[in-house]
Amino acid sequence: IVTEVDWLSRKNGAAHHTQEYPGPELVVRRGQAFTLVLELSRPLEDQETIIFTVETGPQASEDHHTKAVFQILELGVDKTWTAVEEAQMENTVTVSIASPPNAVIGRYLISTRVSSRRKQNDRKLGEFVLLFNPWCPEDDVFLDSEEERQEYVLNDSGIIFRGVEKHIRAQGWNYGQFEEDILNICLSILDRSPLHQNDPATDVSRRHDPIYVSRAISAMVNSNNDRGVVQGQWQGKYGGGTSPLHWSGSVAILHKWFKGRFKPVKYGQCWVFAGVMCTVLRCLGIATRVVSNFNSAHDTDRNLSVDKYVDSFGRTLDDLSEDSMWNFHVWNESWFARQDLGPSYNGWQVLDATPQEESEGVFRCGPASVTAIREGDVHLAHDGPFVFAEVNADYITWLWHEDESRERVYSDTKKIGRCISTKAVGSDSRVDITGLYKYPEGSRKERQVYRKAVRKLFSVESSGRRTRVRRGGGRGLWRDDLLEPATKPNITGKFKMLEPPKLGHDLSLALCLANLTSRTQRVRVNLSAATILYTRRPVAEVLHESHSVQLGPEEEKQIPITISYSQYKEDLTEDKKILLAAMCFVTKGEKLLVEKDITLEDFITIKVLGPAVVGVAVMVKVTVVNPLLERVEDCVLMVEGSGLLQGQLSIDVPSLEPQERASVQFNITPSKSGPRQLQVDLVSPHFPDIKGFVVIHVATAK
C-alpha cells in the first residue's frame, strides 16, 4: 500500500543538526522525532493502521534491541520506538517517528506493512542512519552548551598543539567529518572491528553505549591488533608510506584505508591517531576534542615513575630506559555519562588510539574519566594508571656507571604533565586545561592524590602486594624509595639561547653555571647534543665536548656553545628537534644534569586577497622563505581545506636562492559558508615540512 516515501531530508537535517552530511540517505539523531511523508496506493480503511519495522545489523532481533516493530499511535511513548500521525490526506500520511535516547546507533532498514487480516510481506522503504544525540538531555552523550556542541560535534576543522613546553606551536587539522563517504567509512570501522567479526549480533546490540563504541574506535584507529586505520612508526624512517608530518587532516587517511580494502595507512604518530579518532567520534555524534600533554610520561612498568638512564655525557641509554618522557603526546577527550562508574565521573573521558600499551590484551586506551584521574581513582575503568602516569609520574634520572652500578642524579629541568592544552571553543586560541587533570603542582592536595593513587595502584596489582621495580643490574626498589629526592647540588645550571634557533642556521647558546656557596668549586662539564624525535628518542649525536670550569664564591659563568648547520643538517628529523645535555661533576662528588629541548623555527605566511563568498573565486597569497644558506629546487606547496577546495591542491614553487623570500598565488572557490580552515604545507627534499594555516570566514552568496 505504501508506494513512495519522502524523507524530508532538508527539514529533518536542520532539526537534527545533520544537514552537513552529504547524503543521499537520511541521517538523524536518537531520542528525537523525524518526519516522513508516505504516499499510499489507496486510502487507509477505518480499522487499518501502518506498522513499521526498523532493524540494524545482521541477525537483528527485538531481544538485542536491534529491531523494533511499532504502529502509528495517537500519542508517542517515551523511551521506545514510536510513530505518531501528524496529518492524513486522501493518499498520503505524514508520520513523526521517534527513537529511544538509548537506541543502538548505525544504519537502519525501515519497512512497513498494513495491519489487516491478509498475510503480506513488509515493503522496504529504504535505509537511514541513526547517530548519538548531544542535543537530547536523555542521551548519555548530552552536552548542555550550544557553543560547545558547535565546536566539539559540528566543527570540521581544528588545531592540534605540538612542540615543546616552552615553545608550543599550533598545527591546523582538517577533521572533515561531513566530507563524501566519511560517515559510511566511520560505520565500516565498527564493522571491521574484531568485536564485530567474532560476534556481530552482540557487538551491534552494544552500540547504544558510548563507552563501548569509543573503546572499540580507540582500538580500530591503530592497526596493531586488527586491520585498523593507521599504522604507527616512530623510527624516523617512512619508506613505503607517508611521513606522519605530511598529513594535514583525516579525510585522505580514511579514504585511503577504505579504498585500499582496509589495509592500514602508513604512517601515523600520536597527533594523527588523535585527529582521525576525533573525526570518527564527531561523525558518530559524540562531542570530542583533541588534547596535547607536554612532557608526557610513557610508564611501561606501572610504577608511576619514568626512570631515565644516562651516561657521563648525559646521553640517554635507550637499551636501559624502557620508560620515556615524550616532548608532547596527543590524545582525545569525549563527553559522556559513565553509567558504569556513577554520575560524579560523568563528563570528559580520555581516549587514546596511539598504540603504547595493551589494555585487556588489545592496544587501546580509555575511556578514563578525567575526574577520576584528578582525584587519583586509578582503579576505575578504563586504563586509569596509564593516563594518571602520563600527567603525574615522577621523572627520575639515573647515572649508569661502567661497572653496571647506578646513582640518582639531581635534575630539576623536567616536570611531567605540563601545559595540557586544547583549542578554545569558538576561537583559535589555546586553552590550558591542566587543572582538570591535577591539583596545582606541589600543593598539599596534589601530593595527597599522588599517594592515594600509589596505594590504589599497588593494592590492585594482581600479585596482591606492592610490586618491586627491577631495573637491569640495579637492586630491586620499593616504590617508597623512589619518593626520596636526589641530593641537590650546590651549583645551578641552565642553557640559554643567545639567538633564536632557526632552521638552516648555526645554533648559538650558552650553559650558565652559578655557584651557590661562599667557597670556590671546580666543575667538570660533559656536553652532548643529539637530533631527536618528539618522543625524545635520540637519532644521531651532533655535539660531544668537555670543559673544566672554576667558579669563585657565588660566581656565575657561561660556557659558549655553537652547533653549526653542517653538524646537524644530515641528521635532523622532521620533528626539527635537538636535545642538549650537560652532565656536571662538582667537587665532593655532587652531580647535576641540565637538559634543553630545542625546536628549530621556520617561516610561512598566508593572506586572503579579498572577501570570501560561497561560489566565488578568491585569490590566496602564500609567502615562504628558503631557510637554507644554499639554493633549493623541487619545492611543492600542498593546499587543502574542507569547504574551500575539492581534495588537495599541489603547486610547484620556483627554485629559491639562499634565504630568498618568495610568494605563490592561487585561487580557491569556497563551497560552504562559515569559518573554514585553509592549510598549506611547503614540502621539500632539502628540509623538513614548513606548515601554516589560516581561518577564512566565508559569507553566503547574496
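No experiment lies behind these values; they were computed from the predicted model shown.

Look at the UniProt record and you will see "binding site: Ca(2+)" (unreviewed entry) annotated at N392, D394, E441 and E446. For the annotated residues, spread through 55 residues, the largest C-alpha to C-alpha distance comes to 12.7 Å, consistent with a single compact locus. Its place among the elements puts E441 in the loop between α11 (434–437) and α12 (444–460). By relative accessible area, E441 is classed as partly exposed at 41%. If sequence neighbours within four positions are ignored, E441 has contacts with K415, I416, R418 and E446. Among all residues touching E446, those that are not within four sequence positions of it are N392, Y439, P440 and E441.

Per the UniProt record, "domain: Transglutaminase-like" (unreviewed entry) is found at residues 262–355. For residues 262–355, the helix share is 16%, the strand share is 41%, and the end-to-end C-alpha distance is 18 Å.

With that settled, consider the pattern of salt bridges. Side chains that differ in charge, positive against negative, can pair when their charged atoms come close. For the structure on display, the rule yields 35 salt bridges. The shortest N-O distance in the salt bridge between K452 and D377 comes to 3.0 Å. Here K452 is found in helix α12, whereas its partner D377 is found in the loop between α9 (370–375) and α10 (384–392), with 75 residues between them in sequence. Owing to a relative accessible area of 24%, K452 belongs among the partly exposed residues under this scheme. D597 is the salt-bridge partner of R536, the closest N and O atoms lying 3.0 Å from each other.

What follows covers the environment of M277. Counting through the fold element by element, M277 comes out in helix α8 (residues 270–284). Note on M277: relative accessible area 0%, which makes it buried. Among all residues touching M277, those that are not within four sequence positions of it are I217, S218, V221, N332, L351, D352 and A353.

For strand β34 (residues 618–625), a buried count of 6 out of 8 residues is recorded, marking the element as mostly surrounded by other parts of the structure. Two elements, strand β32 (residues 604–609) and β34, share 6 bridges in a ladder whose sense is antiparallel. By the bridge assignment, V608 is partnered in β34 with V620. When β34 meets strand β37 (residues 661–668), the two strands line up antiparallel, connected through 8 bridges. In the sheet register, M619 faces β37, and the bridge partner there is N667.

The rules behind the values
- Residues numbered from 1 in each chain as written.
- Predicted model: local features only at pLDDT ≥ 70, side-chain atom pairs only at ≥ 80, totals over all residues.
- Heavy atoms only, no water.
- UniProt positions renumbered as here; feature names shortened; annotations may be inferred.
- Helix = DSSP H or I, 4+ residues; strand = E, 2+ residues; numbered from the N terminus.
- Buried < 20%, exposed > 50% of the residue type's maximum accessible area, 1.4 Å probe, protein only.
- Contact = heavy atoms within 4.5 Å.
- Salt bridge = Lys/Arg side-chain N within 4 Å of Asp/Glu carboxyl O.
- Pairing = 2+ DSSP bridges.

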